[in-house]
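Here is what each chain is made of, one letter per residue.
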Amino acid sequence: MSLLRIENLEARYGAFKALHGISLDIEPGQISVILGANGAGKTTTLRAISGIMERSGSILFDGARIDGYTARQVVAAGIAHVPQGRGTFTDLTVDENLRLGAYLRSGKQVVEDRERWLEFFPRLRERLQQQAGSLSGGEQQMLAIARALMLRPRLLLLDEPSLGLAPVVTQSLFKTLAAIRAATSMTMLIVEQNANLALEIGDRGLVLESGNIVLQESAERLAKNDEIRRIYLGYE
Ligand SMILES: Nc1ncnc2c1ncn2[C@@H]1O[C@H](COP(=O)(O)OP(=O)(O)O)[C@@H](O)[C@H]1O
Ligand SMILES: [Mg+2]
């Protein structure tokens, strides 16, 4: 069974329809990648799933309808969203940010979870007492992801994790995401402009164009298809 099944999802900003009834399935344990040009509706798709904005259509998560849920209820159901631009609390320390991620739990569990995720992000361990705002861009992205993982999600939504990062930092971040999936079978839905790297760690690719899904394909086949890359992803 799909972990997430979306049917005919629509979302609008005022009179402007940003999603024209998209349908997609996310299988458990898979990394799915949403690709598409600027303005295609990638961020809107994640916001609609998360309940941050009005939407219509059907969203089934683990068999339950969640399209009527508030953003808080979506998180409680097990979906964590790392927004574009990260959204760490820059005045708080790394440790405080991580503990906030676990606000639904307390005590020993929090420490155990923190240890677990710090294994994947050793740079954060070295900087636990440092203010989040003093971290590099890559470290802040790691912190945002680790904080989302502290929610113990069953689905992790990542909006352009590579935005503003140097290629070598992006590469290491994607390696870490692949390692997390390998170790935990965490299901991920990643929005990326950096198609090459994302398709390397992804199982499936979905291409959005003007609020429509125009292609759903295995990541391997998508990565090899030059024509599709040229037409939809702007690669020469
Ligand atoms: N707050 C907003 N108000 C009005 N239009 C918006 C808003 N946010 C996004 N849009 C429009 O919705 C469309 C999809 O945007 P978005 O989902 O952010 O695209 P992407 O993440 O793929 O770059 C674009 O045409 C964008 O201009
Ligand atoms: Mg976006």
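Residues numbered from 1 in each chain as written. Chains lettered and ligands numbered in written order. Predicted model: local features only at pLDDT ≥ 70, side-chain atom pairs only at ≥ 80, totals over all residues. Heavy atoms only, no water.

Some remarks on the coordination of the magnesium ion (ligand 2)
Around the magnesium ion (ligand 2), the protein supplies T43 (OG1) and Q84 (OE1) as donor atoms, at distances of 2.0 to 2.4 Å. Remark: Q84 occurs in the loop between β6 (79-82) and α3 (94-101) and T43 occurs in helix α1 (residues 42-50); sequence separation between them is 41 residues. (Donors = N, O, S within 2.8 Å, 3.2 Å for Na, K, Ca; no water. Helix = DSSP H or I, 4+ residues; strand = E, 2+ residues; numbered from the N terminus.)

Focus: the sheet that holds strand β4 (residues 56-61)
Taking strand neighbours across the sheet as the criterion, the four strands line up as β2-β1-β4-β5 in an open arrangement whose pairing is antiparallel. One side of each edge strand has no neighbouring strand; the edge strands of this open sheet are β2 (16-26) and β5 (64-65). As defined by bridge partners, β4 adjoins β5 across two bridges and the pair is classed as antiparallel. In the strand pairing of β5, L60 is matched with R65. The strands touched by α1 within the sheet are β1 (4-13), β2 and β4, with β1 carrying the most contacts at an inclination of about 110°. (Pairing = 2+ DSSP bridges. Contact = heavy atoms within 4.5 Å. Axes fitted to C-alpha atoms, helices over the stretch in contact; angles between N-to-C directions.)

Regarding the environment of A71
Positionally, A71 belongs in helix α2 (residues 71-77). The spacing of A71 and G36 is 35 residues in sequence and 25 Å in space, taken between C-alpha atoms.

Quick look at the environment of L208
Structurally, the position occupied by L208 is in strand β9 (residues 204-209). Aside from chain neighbours lying at most four places away, what touches L208 is I22, I34, L35, G36, A37, A40, G41, K42, T45 and I213.

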